[in-house]
Amino acid sequence: MMHNTMTGVRIKTWQGGSGSVQGVLFSNIQVSEVQLPIVIDQFYCDKSTCKNQSSAVALSGITYEKIKGTYTVKPVHFACSDSLPCIDVTLSNIELQPIQERYHMYNPFCWQTFGELSTPTVPQIDCLQIGKPSSNRIQSDYDSC
């Protein structure tokens, strides 16, 4: 249970970082009045300004399931790298409602995030790109005709 926090479940990595995060499962989480319940941030910076870098920590196999409750700003924020998009992100049984409809709420945000919706989500998270980015295809001599 997370109540009145800035973020709920979050993966954050430094710009210019290296290595990988893979095979992570966030499951059975109740949020209440959380600003951003589900977050991936490959552009994390703890200063007022950080140098923009193209390298990133690779993220794959991230699953979010049975995450329910209320949010105050935006239900989902996926900010992934242009050079190393997030892949195999799966959302299942996500039910996030705005705390009050009258306040301005933001739609789910996805940048360079690929994966699947294994069940319908609330709200609809239609920004997730289904499948894998074409640049992540395995290249081999057998690929060409």
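These figures come from a predicted structure and were not determined experimentally. (Residues numbered from 1 in each chain as written. Predicted model: local features only at pLDDT ≥ 70, side-chain atom pairs only at ≥ 80, totals over all residues. Heavy atoms only, no water.)

Asks: Quick question: what am I supposed to make of the sheet that holds strand β4 (residues 36-44) here?
Replies: Through backbone hydrogen bonds, the strands of a sheet pair up, either in parallel or in antiparallel fashion. Sheet architecture is open: four strands sit in the order β2-β4-β6-β8, paired in parallel fashion. Edge positions in the open sheet fall to β2 (7-14) and β8 (109-111), since each of these has one partner strand only. Direction aside, the axes of adjacent strands within the sheet are offset by 10 degrees on average. (Pairing = 2+ DSSP bridges. Helix = DSSP H or I, 4+ residues; strand = E, 2+ residues; numbered from the N terminus. Axes fitted to C-alpha atoms, helices over the stretch in contact; angles between N-to-C directions.)

Asks: Is there a simple way to think about the state of the cysteines in this case?
Replies: Chemically, a disulfide is nothing more than a covalent bond linking the sulfur atoms of two cysteines. Applying the stated criterion across every chain, the model contains three disulfides. With a sulfur-sulfur separation of 1.9 Å, Cys45 is cross-linked through a disulfide to Cys50. What sets the handedness of the Cys45 and Cys50 disulfide is the S-S torsion sign, and at about 80 degrees it is right-handed. A relative accessible area of 25% means that Cys45 is categorised as partly exposed. The residue that forms a disulfide with Cys110 is Cys127, at a sulfur-sulfur distance of 2.0 Å. Between Cys110 and Cys127, the S-S torsion sits near 45 degrees, and that sign places the bridge as right-handed. With Cys110 in strand β8 and Cys127 in the loop between β9 (113-117) and β10 (129-130), this pair connects stretches of sequence that are 17 residues apart. The connectivity of the disulfide bonds within the protein can be written as 1-2, 3-4, 5-6, using the sequence rank of each bonded cysteine. (Disulfide = S-S within 2.5 Å. Buried < 20%, exposed > 50% of the residue type's maximum accessible area, 1.4 Å probe, protein only.)

Asks: Can you walk me through the pattern of salt bridges in this structure?
Replies: Oppositely charged side chains may form a pair once their charged atoms are brought near each other. Enumeration according to the criterion identifies two salt bridges in this entry. The residue Lys68 makes a salt bridge to Glu95 at a minimum N-O spacing of 3.7 Å. Here Lys68, found in strand β5 (residues 58-71), pairs with Glu95, found in strand β7 (residues 86-98); they are 27 residues apart in sequence, far enough to count as distant. The partly exposed category is assigned to Lys68, whose relative accessible area is 32%. For Glu95, a relative accessible area of 38% gives the class partly exposed. Close ionic contact of Lys132 with Asp88 constitutes a salt bridge, the shortest N to O distance being 2.6 Å. You can see Lys132 sitting in the segment after β10 and its partner Asp88 sitting in strand β7, a full 44 residues away along the chain. (Salt bridge = Lys/Arg side-chain N within 4 Å of Asp/Glu carboxyl O.)

Asks: Help me out: how do you make sense of unusual backbone geometry in this one?
Replies: The phi torsion of most residues other than glycine is negative, and most of the peptide bonds are trans. Residue Pro123 follows Val122 across a cis peptide bond; omega there is -5 degrees. Examined against the element boundaries, Pro123 turns out to sit in the loop between β9 and β10. Residues other than glycine seldom take positive phi values, yet Asp88 does so here, at roughly 55 degrees.

Function-wise, these values are silent; they only describe arrangement.
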